[in-house]
Amino acid sequence: GISLKQLQDLRTQVCSDAGQDAFNKMTMRDICKIISPACQREKKSYALVLNEFGLEAKAFVTHCWDEAFGEFVASLEQGIEHMLNPPPLWICSFA
């Protein structure tokens, strides 16, 4: 799994690297292209690149490949950020 905090950190990093205008147009597909080199280098999913021993996912999250990544993270924030301990998430694009 991957944590909400890790998704927020990815959003911050990509936005910083690409600039706000470019980031606003990025889809889940685009984000996968950005994280792909790290996954290929490590021969692991992005979730395992970030969490060597893995996080046991407690919630399944689905998405649309053409969905804006920023909107995706914002939706997750609205849904789980209020929780004291937001659960690790299983998201296919990061699994």
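For the structure itself, consult the block above.
Residues numbered from 1 in each chain as written. Predicted model: local features only at pLDDT ≥ 70, side-chain atom pairs only at ≥ 80, totals over all residues. Heavy atoms only, no water.

Time to look at the overall build of the protein chain. Each helix and strand counted, the protein chain has 5 helices and 2 strands in total. Listed by position from the N terminus, the elements making up the protein chain come as α-α-α-α-β-α-β. Its C-alpha radius of gyration of 13 Å places the protein chain within 12% of the 12 Å reference for a compact globule of 95 residues. In terms of overall dimensions, the protein chain has a C-alpha envelope of 35 × 35 × 20 Å along the principal axes. Counting the 95 residues in the protein chain, one finds 39% classified as buried. Counting contacts in the protein chain only where the partners sit at least 6 residues apart, residues at least 24 apart contribute 77% of the total. Element-wise, carbon and sulfur atoms account for 54% of the exposed surface of the protein chain, whose accessible area totals about 5800 Å². For the protein chain, the distance from the average position of its 9 positive side-chain charges to the average position of its 12 negative side-chain charges is 6 Å. (Helix = DSSP H or I, 4+ residues; strand = E, 2+ residues; numbered from the N terminus. Rg over C-alpha atoms; globule rule 2.2 N^0.38 Å. Buried < 20%, exposed > 50% of the residue type's maximum accessible area, 1.4 Å probe, protein only. Contact = heavy atoms within 4.5 Å. Areas by Shrake-Rupley, 256 points an atom, 1.4 Å probe, with all protein chains shown as cover. Lys, Arg positive; Asp, Glu negative; His and termini not counted. Charge placed at Lys NZ, Arg CZ, Asp CG, Glu CD.)

Turning next to the side chain of T27. Along the polypeptide, T27 turns up in the loop between α2 (20-24) and α3 (28-42). A distance of 3.2 Å separates the side chain of T27 from the backbone nitrogen of R29, its partner in a polar contact. (Polar contact = N/O pair within 3.5 Å; in protein donor to acceptor, adjacent residues only side chain to side chain.)

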